[in-house]
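Listed below are the residues making up each chain.
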Amino acid sequence: MKVSIKNWQVLAMSVMVALATSCDSNNNDNPSTEEVLGGEGNILLETTLKNIDGASGQTYLQQISELSGTLDLSKGIQTGFSSTLSIVGNDVYLFPETGTTGKQCIYKYQHTAKGIKHVGEMQIIPNSSPYNLVQVSATKAYVPLYNLGKVMIINPTTMQQTGEIDLTPYAHGDNSADPAAGLIRDGYFYLALDQIGANWMPYDDYRQIDVAVIDINTDKVVKIASEKETALCFPTRPHLKDMIFQNEQNDIYIACAGYFGYNPEYVKTGFVCIPAGSQSFDASKTWDISKTSIEGCPYKAVSIYNCKYLGNSKVAAYVGVMELMTDNPYTARNSLPVIIDLKNKTIKKIEGIPYTDGHSVAIECHNGEVYFSSYGVNAAGIFAYNPTTETVKQVLSSTGNIAFFHFFE
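Reading guide: rules and limits
Residues numbered from 1 in each chain as written. Predicted model: local features only at pLDDT ≥ 70, side-chain atom pairs only at ≥ 80, totals over all residues. Heavy atoms only, no water. Helix = DSSP H or I, 4+ residues; strand = E, 2+ residues; numbered from the N terminus. Rg over C-alpha atoms; globule rule 2.2 N^0.38 Å. Buried < 20%, exposed > 50% of the residue type's maximum accessible area, 1.4 Å probe, protein only. Contact = heavy atoms within 4.5 Å. Areas by Shrake-Rupley, 256 points an atom, 1.4 Å probe, with all protein chains shown as cover. Core = buried A, V, L, I, M, F, W, Y, C linked by side-chain atoms within 4.5 Å. pLDDT = per-residue confidence, 0-100. Phe/Tyr/Trp six-rings, centres within 6.5 Å; stacked < 30°, edge-to-face > 60°. Pairing = 2+ DSSP bridges. Axes fitted to C-alpha atoms, helices over the stretch in contact; angles between N-to-C directions.

Trainee: An account of the overall build of the chain is needed here, citing residue identities and associated values.
Mentor: Summing up its helical and strand segments, the chain has one helix and 30 strands in all. Taking 2.2 N^0.38 as the reference for a compact globule, 409 residues should give roughly 22 Å; the C-alpha atoms of the chain span a radius of gyration of 20 Å, in line with that estimate. Across the 409 residues that make up the chain, the buried fraction comes to 60%. A sequence separation of at least 24 residues applies to 55% of the contacts in the chain between residues at least 6 apart. Element-wise, carbon and sulfur atoms account for 46% of the exposed surface of the chain, whose accessible area totals about 15,500 Å².

Trainee: Before we move on, could you go through the nonpolar core and cite the residues and values that matter?
Mentor: Counting residues in hydrophobic clusters, the biggest one holds 27 residues, and the most contacted among them are Tyr 146, Phe 260, Tyr 318 and Phe 372. Going through the elements one at a time, β23 (314-320), β27 (369-375) and β28 (380-386) are the ones with two or more residues in this core. Among the nonpolar cores identified, the runner-up in size contains 24 residues, and Phe 245, Val 321, Leu 342 and Ile 347 belong to it.

Trainee: Kindly report on the confidence of the model for the chain, identifying the contributing residues and their values.
Mentor: Of all residues in the chain, 90% attain a pLDDT of 70 or more, and the chain-wide mean is 91. A low-confidence stretch, residues 1-29 stays under pLDDT 50, and its non-local contacts, those more than four residues away or across chains, total 117 contacts.

Trainee: I'd like to hear about the packing of aromatic side chains, residue by residue, with values.
Mentor: Evaluation of the coordinates by the stated rule reveals 13 aromatic pairs. Between Tyr 142 and Phe 189 the ring centres are 4.9 Å apart and the planes differ by 20 degrees, which places this aromatic pair in the stacked class. On the criterion of sequence distance, the pair formed by Tyr 142 in strand β10 (residues 140-145) and Phe 189 in strand β14 (residues 188-193) is long-range, its members being 47 residues apart. Its relative accessible area of 0% is what places Phe 189 among the buried residues. Measuring from centroid to centroid gives 5.3 Å for Tyr 371 and Phe 407, while their planes differ by 50 degrees, and the two rings are tilted. Here Tyr 371, found in strand β27, pairs with Phe 407, found in strand β30 (residues 401-407); they are 36 residues apart in sequence, far enough to count as distant. In terms of burial, Tyr 371 and Phe 407 fall into one category: buried.

Trainee: Could you give an account of the sheet that holds strand β4 (residues 77-79), naming the residues involved and the relevant values?
Mentor: With antiparallel pairing, the four strands of this open sheet are ordered in space as β4-β3-β2-β30. Edge strands, defined here as strands with exactly one partner in the open sheet, are β4 and β30. If you compare each strand with its neighbour and ignore which way they point, the axes differ by 25 degrees on average. Direction of pairing for strand β3 (residues 57-64) relative to β4: antiparallel, over a ladder of three bridges. Among the inter-strand pairings, Thr 59 is bridged to a residue of β4, identified as Thr 79.

Trainee: Account for unusual backbone geometry, with residues named and values stated.
Mentor: With a phi angle near 55 degrees, Met 159 is a residue other than glycine that sits in the positive phi range. Positionally, Met 159 belongs in the loop between β11 (150-155) and β12 (160-166). Taking relative accessible area as the criterion, Met 159 reaches 2% and is therefore assigned buried. Residues other than glycine seldom take positive phi values, yet Thr 236 does so here, at roughly 70 degrees. Structurally, Thr 236 can be placed in the loop between β16 (220-227) and β17 (244-246).

Trainee: Requested: an account of the environment of Gly 381, with residues and values cited.
Mentor: For Gly 381, the position within the fold is in strand β28. For Gly 381, a relative accessible area of 1% puts it in the buried group. Between the C-alpha atom of Gly 381 and that of Thr 47, which follows or precedes it by 334 residues, the distance is 9.7 Å. Gly 381 has contacts with Phe 372, Ser 373, Ser 374, Gln 394, Leu 396, Ser 397, Ser 398 and Ile 402, leaving out every residue within four places of it along the chain.

Trainee: Give a detailed account of the environment of Leu 183, specifying residues and quantitative values.
Mentor: Relative to the helices and strands, Leu 183 resides in strand β13 (residues 179-185). As a C-alpha pair, Leu 183 and Lys 300 span 117 residues in sequence and 29 Å in three-dimensional space. Aside from chain neighbours lying at most four places away, what touches Leu 183 is Tyr 188, Phe 189, Tyr 190, Ile 244, Phe 245, Gln 246 and Ile 252.

Trainee: Please provide a residue-by-residue account of the pairing of strand β8 (residues 115-124), values included.
Mentor: Relative to β8, strand β1 (residues 36-37) runs antiparallel, the two sharing two bridges. Counted as the bridge partner of Val 36 is Lys 117 from β8. When strand β7 (residues 104-112) meets β8, the two strands line up antiparallel, connected through nine bridges. Along β8, the bridge assignment pairs Gln 110 with Lys 117. Following β7, the chain reverses through two residues before pairing antiparallel with β8.

Trainee: Kindly report on the pairing of strand β15 (residues 209-215), identifying the contributing residues and their values.
Mentor: A large share of β15 lies buried, amounting to seven of its seven residues. Residues Ile 209, Val 211, Val 213 and Asp 215 line one face of β15 and the alternating positions Asp 210, Ala 212 and Ile 214 line the opposite face, and both faces are buried. Note: β14 against β15, six bridges, orientation antiparallel. The partner of Leu 191 across the bridge, within β15, is Ala 212. Looking at chain direction, β15 and β16 are connected through seven bridges and run antiparallel.

Right under this line is the structure:
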């Protein structure tokens, strides 16, 4: 079972993950700064055509002008399987795929309505596993290195490293605290630490939430905030930026994945909170959702696979269902779309969106609607949910797994 559990982290990256590739294997090794690729439009998508094992396949990056009809991959750029990206404005940062060897780099592209243009790149330490970028300013950004337990400081304009933050002193059990996703509030970078072991799951003797609080002016760790009372663990998945978010009151909420539904003796999952004006957790705001019934279905959540804060205490999410787990985590359709109410402590199934596998759990908001990618048995693609009317319609069909999408303004 540990082999499957370890592989889940690779899957985790391909859930919404997109497009980055090693410098050696990119189909466009010497991209022209004048050439635009990937098609026209202001909607960026990453799609995976997985093999029967679910753990391999081909991944494509492209732009489209609207969500309608059936997705055509003919203009897609083939990229690394199970890779991730971050977007800042019109800048697209592509990270190396998980598990590759040899020379690796981060690519920087720029979105235009006519296509994607290569504008820079930088070499990184092989298998250091950067999965995201948080921009501090035009000349400074943080790139957590998941496997090394460090944060690389770079100039995103020149794509050069300018510094480093060492988090190895705060690791439990090994040399990496597994820095995942984070956000900046009031001059401090709040960076979730997954603290996982060799099997890519939390340590059984360390079920807690750790967050490194980093001063963005000095790049120093001022404290490690910990929430130990409720035994929630695995705060954020490193490629999913919206699993850490702020509400209207500037409270920071963090979604916790737990054991992804692999450990029947540990099913805790939910949210923890660092209130506005504080650098410490408020345990009274912690919510273990595994004990809450889900309206509209007989299951309870054993993991949060992804989420998106909608406002007014509402969260759109994909939650994991243990009863629907199979021996192959790459193909199991055990991800359930729900609306979570943080204030009233309720969870409701969204009718009309199929149960999906782990490759398609993307959630985005645009023009008042919430969009979910899903790879169901009878329908696959992108589905639009109206939070006012609670109605659902499929807006794009796909023969593959849409793992990521983004709306450029």
